[in-house]
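Breakdown of the fold
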Amino acid sequence: MDIKTIMFVATIVSLYINIGVCIYGVLSKPNLVKKFIALTILQDSINTFMILDGYRLWRAGLIQPPVLLNWSPTEEDLKQFMMRAVDPLPQALVLTAIVIGLAANVFLASVILHLYRHFGTVDVDIIGVLKRVAISEELS
Amino acid sequence: MRRYRDVVFVSLPIITIALILIPTLLGAIGPLPPIDVRDLAKTYLYFTLDIYNKSLWAASPEAVTAIVWDYRGLDTFYETIVFYTAIIGCLALYREVVRKPDRSKGEGLSIVVKKATAIAMLGIVAVGASTVLHGMLTPGGGFQGGSIIAVAPVLAIVVFSRILVDYSKITYEKAIMLRNLSIIGIALTALAPLIISLGNAFIFQNQVKAYTTFSYPSSILDVFMGGSLWFLNLFEGIAVSMAFFIAFKVLLYTEETSKEVLIGEDYGY
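All figures in this text were calculated on a predicted structure; none of them were measured in a lab. (Residues numbered from 1 in each chain as written. Chains lettered and ligands numbered in written order. Predicted model: local features only at pLDDT ≥ 70, side-chain atom pairs only at ≥ 80, totals over all residues. Heavy atoms only, no water.)

Some words on the overall build of chain B
Going by this rule: Each helix is a run of DSSP H or I of at least 4 residues and each strand a run of E of at least 2, with the numbering of both proceeding from the N terminus. Categorising residues by exposure relies on relative accessible area from a 1.4 Å probe, with only protein chains included: less than 20% of the type maximum marks a residue as buried, more than 50% marks it as exposed, and the intermediate range marks it as partly exposed. We call two residues in contact when some of their heavy atoms are within 4.5 Å. With residues, only the protein chains shown are counted as cover, and all accessible areas are computed by Shrake-Rupley using a 1.4 Å probe. For the charge count, each Lys or Arg is scored as positive and each Asp or Glu as negative, with His and the chain ends excluded. In this description, the location of a charge corresponds to atom NZ of lysine, CZ of arginine, CG of aspartate or CD of glutamate.
Across its full length, chain B holds 10 helices and 2 strands. What you see in chain B, going N to C, is helices and strands ordered as α-α-α-α-α-α-α-α-β-β-α-α. Over its C-alpha atoms, taken along the principal directions, chain B stretches across nearly 65 × 60 × 45 Å. Sorting the 269 residues of chain B into buried and exposed places 44% on the buried side. At a minimum sequence separation of 6, the contacts of chain B that also span at least 24 residues come to 66%. Looking at chain B as shown, the accessible area adds up to about 14,000 Å², and 72% of this sits on carbon and sulfur atoms. One way to put it: in chain B the 21 positive side-chain charges average out to a point 4 Å from where the 20 negative ones average out.

Structure below.
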């Protein structure tokens, strides 16, 4: 096992651990803001993992970046480009995921702000108790 | 009870990580690290700017933008609609105050910060516009550029105080209208091939295909324009920057103004 493989496996393992810790944060923390932070880190970890899926090993002898330098590329240029480029599909999927994640985040942030202004706290346990009290008051 | 809950919460992620880790280390997601990209990726990379076989190309050297707006343009359109709906939901929560100016009468930060920010804001908008308009040539595109542009109003709210944004020419109504117009622009760009060639084309058709002759301009002078990609990036950029502008404006209302929204609930509406 060479150093490159070890580093790559370490990256994947650390992303798994990151995802696990974030899921723990979302599930166990009663503070809504902490839940929200854990959720955003979870999104970013999964996005990084997806980009890593399209990665390929940088081979010795390739010094050019994966861009087309020629405006009217020949067949050889295109082949060279394909030799260097990484998988674009995960990046396109991640772009979609980021947009939708951000939309959800904006909405979540405004809902949390609303909850805070309504109940004066962002602790879901206390909010649950307050809601129960409000409902029982309404029913009595 | 609480301790028991903590033990379950800690042990569950650990078990999950271990369960995912074993197949990964045994090689379930292929050799690590991979030396070659998949065949599908090769197809995309090859056809995106294949000037010798124009039946399938996207006329853009940027494979990601080509995938996002050409190969699966309909998906990105729906993604834009999701974003649109989320912002609408955010605005609906603050429907009583969104049109009003804020109560704060701040004067902003010091003159040094104001001058520096004025210059920086110009740069931010220029970088954003460049990211949007070069989206078919370099990494970037409508969403990324739009997000960059949206930083400028946030800076303005913090540095020049709320008054500048509240009484600027870009009112709430104008921002909403611009956003709706750009969504219509995306839809029209997608439907234009159908309308112009009287039904003999595909939705989101970019370049000429077999049996359908419609094609957006593939290049201007010797620069590849990516056909419809440029228009779609432009409309998406305007839509996203306006959406973020409204969202930040609403989220950054002062506490007093925001609480007006909640007063309504006491009266049962």
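Following the structure, the description resumes.
Observations regarding the packing of aromatic side chains
Residue and element names in this part refer to chain B. Definition in use: Pairing of aromatic rings covers Phe, Tyr and Trp, the last counted by its six-membered ring, and requires centre-to-centre distances within 6.5 Å; plane angles under 30 degrees mean stacked, over 60 mean edge-to-face, and any other angle means tilted. Definition used: whenever NZ (Lys) or CZ (Arg) falls within 6 Å of the ring centre and also within 35 degrees of the ring normal, the charge is taken to sit over that ring.
The final tally for this structure, using the stated rule, is 15 aromatic pairs over all chains. Considering the side-chain rings of Phe83 and Phe244, the 5.3 Å spacing of their centres and the 70° angle between planes classify their relative orientation as edge-to-face. With Phe83 in helix α4 (residues 73–93) and Phe244 in helix α9 (residues 228–251), this residue pair connects regions lying 161 residues apart in the sequence. Accessibility expressed as a relative area gives 4% for Phe244, which makes it buried. Among the aromatic residues, those joined into a ring-pair cluster are Trp69, Phe77, Tyr78 and Phe204. The aromatic ring of Tyr253 is capped on one face by Arg162, whose charged end is 4.4 Å from the ring centroid.

Quick notes on helix α4 (residues 88–119) of chain A
Residues and elements named next belong to chain A. Threshold: Here the expected length of a helix is defined as 1.5 Å per residue gap, with one fewer gap than residues. Here a polar contact is recorded for every N or O atom pair within 3.5 Å, except that within protein the pair must consist of a potential hydrogen donor and a potential acceptor, and residues adjacent in sequence are included only if both atoms are side-chain atoms.
The terminal C-alpha atoms of α4, which comprises 32 residues, lie 46 Å apart, in line with the 46 Å expected from a rise of 1.5 Å per residue. Capping of α4 at its N-terminal end is provided by Asp87; its side-chain oxygen lies 3.2 Å from the backbone amide nitrogen of Leu89. Just beyond α4, the residue with positive phi is Gly120, at close to 75°.

Remarks on helix α3 (residues 75–84) of chain A
Test applied: The directions considered for the arc are those from the helix axis to the C-beta atoms.
Regarding α3(A), the residues found buried are A:Leu78, A:Phe81, A:Met82 and A:Arg84. The arc enclosing the buried residues of α3(A), seen along the axis, measures out at 165°, which places them on a common side. In this structure, the buried side of α3(A) is in contact with α2 (39–48) of chain B.

Nothing here speaks to function; it is geometry throughout.
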